[in-house]
Structures are given as C-alpha cells and as structure tokens.
Amino acid sequence: MSDWGRDYRLVMGVPRAAFRPSAIFLALVALFALSGLMAWHQVTPRFAVFLFVVSGWLVSLCLHEYAHALVAYRSGDRDVAHRGYLTLNPLKYSNVLLSIILPVIVVLLGGIGLPGGAVWVDHAAIRGRLRKSLISLAGPGTNLLFTLVLLIPFAFDPNVFAHLEFWCGVALLAFLQLTATVLNLLPVPGLDGGNMIQPWLKPNTQKVYSTLAPYGFILLFALLWQPTINRYFFDAIFWIGDGLGLDRQLYAFGFELIRFWER
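Let me begin by describing the structure that accompanies this report. Just so you know, these numbers come straight off a predicted model, no measurement behind them.

## Some thoughts on the overall build of the protein
Phase 1: Assigned secondary structure in the protein consists of twelve helices and zero strands.
Phase 2: In sequence order, the protein lays out its α and β elements as α-α-α-α-α-α-α-α-α-α-α-α.
Phase 3: Rg of the C-alpha trace for the protein: 20 Å, near the compact-globule value of 18 Å for 263 residues, within the 12% margin.
Phase 4: By principal-axis analysis of the C-alpha atoms, the protein measures approximately 55 × 55 × 35 Å.

Structure, rendered in structure tokens:
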C-alpha cells in the first residue's frame, strides 16, 4: 500500500483498534436487543423491561460520550482516540461513577435521564470557539436524535396493547432521552449547555465558570430541588413530550415496570 493510501488514522499515529467498538458496548447492544425481544414476547416482562431500559440507557450514554469524542477528534484533539473514547467502552470514561453508575441509579429511582460527564477534551488542541461549542453540543444532539428515533414507531399508531410492556419500555426510554437532552442543554457550569457558551464568555467570566464547573452536578440538583424550578422543568418536559406525541401513561407505566423489585 502506498503512503497516500495508508489509513489516515495510522498516519496520525492512532491505531485502528482505537476506532473499533469495544466488546462491552457490543454486549450492551446485544442485551438491549435481546431484552427488547423478551419484552415483546412477554418473557418475564417486568424484568425484561428493566433490562431493556437500563441497557438502552447505557447504550445511549456510550453514544453520547462517543459523539463528544468524535467531534473533538475531528476538531484536532487526537488524544481522545488514545484514551479509548472512540471505542464506545464505558470503562474508558474518565469518571465511570458520574457517567454510568449515578445516571442509572437516578433513572431507577427518579425516572430522570441524568446527564453524565466523562470525556476529557484537550481544548488547547481545538482551534476556534465554534468547534469547542460543537463538541459540547454533540452529546445532547445525540440524545435528541435518540429521542426522535424512539418516537418514530408511535407516529404509525401501533397497537400498544398487543405488546404493552415493550411499548412502555420504548416510551420510557424516549422520555429519559428527552429529559437528558433538556438537562444537558441547561446553561449550568460543567454541563454541556454551559460548556457550549463558555468559549464565548469574557476571560474573567470564564475563570468564574471554570471555578464552578466541578460543582455542576451539585448546582443541577440544587436547582431541581427547588419546588418551583422542579415544577417548571417537568411542565416543560411534559409539554415537549406531548408535542412530540409521547404518551404520558405509557412512560409512567414503564417506570413502574422497571422497578420490578417493588412487587
């Protein structure tokens, strides 16, 4: 093979293995498909919906972080490939607790798609404020795409009662993706929405932002803990969901199903 024809990833010093989906991610996708079939055919339906929603949520988390890493890589940060971010392996993330474990716990206990924070980007390697903002936008953009894909079947008015558990799981996943999209777009320091506007702030304001960024999750919880803000937030989520054709009863029942240990 000529030097011109050699894979550009090798030319940049990044092995091809850095771009291959990990076995863990492929196993999550397989579990997502298998549990979906189980829910469809009502094989241990409550546990099947639990596996379907949790594995689907983990797949979406991997894709969310992958989107950040891919845009960062295309924008000039080659280190994201060396760190394993482009393999879709959740264990490669810089903070597994915040990006995987905590979001799953919040999904099970509160039914909210909590955003994670995992991919470390070398912003010094990224030129241009727009590229930096696009890196942050890529994550919630993936959640939004996931939401719309999950809602497509409902546009054809399927007979949900024929496979109720399955459709409740799909509706709940769509609801979680919707909440994750909105939460990630909030202009809170440390979250994607805040990171999108950070490059456009004045230097002094950026310093304040950088000081607050590590406490982004605490700030988010503090905001949602306020009854008024919490009500406004969920009113907005329900309004958007209704506009997209997302049935409230379906995802509410889906949330009951995934808490299979309560019955």
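## Focus on the packing of aromatic side chains
Phase 1: Under the definition given, this model contains twelve aromatic pairs.
Phase 2: Ring centres of Phe47 and Phe50 lie 5.9 Å apart, and the angle between their planes is 20°; on these two criteria the pair is classed as stacked. A residue pair is termed a helical-turn pair when its members lie 3 or 4 positions apart in one helix, as Phe47 and Phe50 do in helix 3 (residues 45–74) at three residues.
Phase 3: A relative accessible area of 37% places Phe47 in the partly exposed class.

## A word on the nonpolar core
Phase 1: The biggest cluster of nonpolar side chains holds 71 residues, and the ones touching the most others in it are Trp57, Phe154 and Ile258.
Phase 2: Top contributing element to this core by residue count: helix 3, with 15 residues.
Phase 3: When sequence neighbours within four positions are dropped, the list of residues in contact with Phe154 reads Val160, Trp167, Val170, Ala171 and Leu250.

## Section: the side chain of Gln198
Phase 1: Within the fold, Gln198 resides in the loop between helix 8 (192–197) and helix 9 (203–212).
Phase 2: Among the polar contacts made by the side chain of Gln198, one reaches the side chain of Ser210 at a distance of 3.4 Å.

## Observations regarding the packing of helix 6 (residues 129–151) against helix 7 (residues 164–185)
Phase 1: Two numbers describe how helix 6 lies on helix 7: the axes approach to 8 Å, and their chain directions differ by 155°. With respect to helix 7, the element helix 6 is oriented roughly antiparallel. Considering how the two elements wind past one another, helix 6 and helix 7 form a crossing that is left-handed. Within the contact between the two elements, helix 6 uses Leu137, Pro140, Asn143, Leu144, Phe146, Thr147, Leu150 and Leu151 and helix 7 uses Val170, Leu173, Ala174, Gln177, Leu178, Ala180, Thr181, Asn184 and Leu185.
Phase 2: For the contact of helix 6 with helix 7, the residue count by class is twelve nonpolar, five polar and no charged.

## Remarks on helix 12 (residues 248–258)
Phase 1: Taken residue by residue, helix 12 has Leu250, Tyr251, Gly254, Leu257 and Ile258 as its buried positions. Taken end-on, helix 12 shows its buried residues confined to a sector of 110°, consistent with a single buried face.
Phase 2: Taking the backbone nitrogen of Gln249 as reference, a side-chain oxygen 2.8 Å away marks Asp247 as the first, capping residue of helix 12.

Rules and cut-offs
Residues numbered from 1 in each chain as written. Predicted model: local features only at pLDDT ≥ 70, side-chain atom pairs only at ≥ 80, totals over all residues. Heavy atoms only, no water. Helix = DSSP H or I, 4+ residues; strand = E, 2+ residues; numbered from the N terminus. Rg over C-alpha atoms; globule rule 2.2 N^0.38 Å. Phe/Tyr/Trp six-rings, centres within 6.5 Å; stacked < 30°, edge-to-face > 60°. Buried < 20%, exposed > 50% of the residue type's maximum accessible area, 1.4 Å probe, protein only. Core = buried A, V, L, I, M, F, W, Y, C linked by side-chain atoms within 4.5 Å. Contact = heavy atoms within 4.5 Å. Polar contact = N/O pair within 3.5 Å; in protein donor to acceptor, adjacent residues only side chain to side chain. Axes fitted to C-alpha atoms, helices over the stretch in contact; angles between N-to-C directions. Parallel < 35°, antiparallel > 145°, perpendicular 65-115°, else oblique. Left-handed = near helix turned anticlockwise from the far one by under 90°. Nonpolar A, V, L, I, M, F, W, Y, C, P; charged D, E, K, R; others polar. Arc of directions from axis to C-beta.

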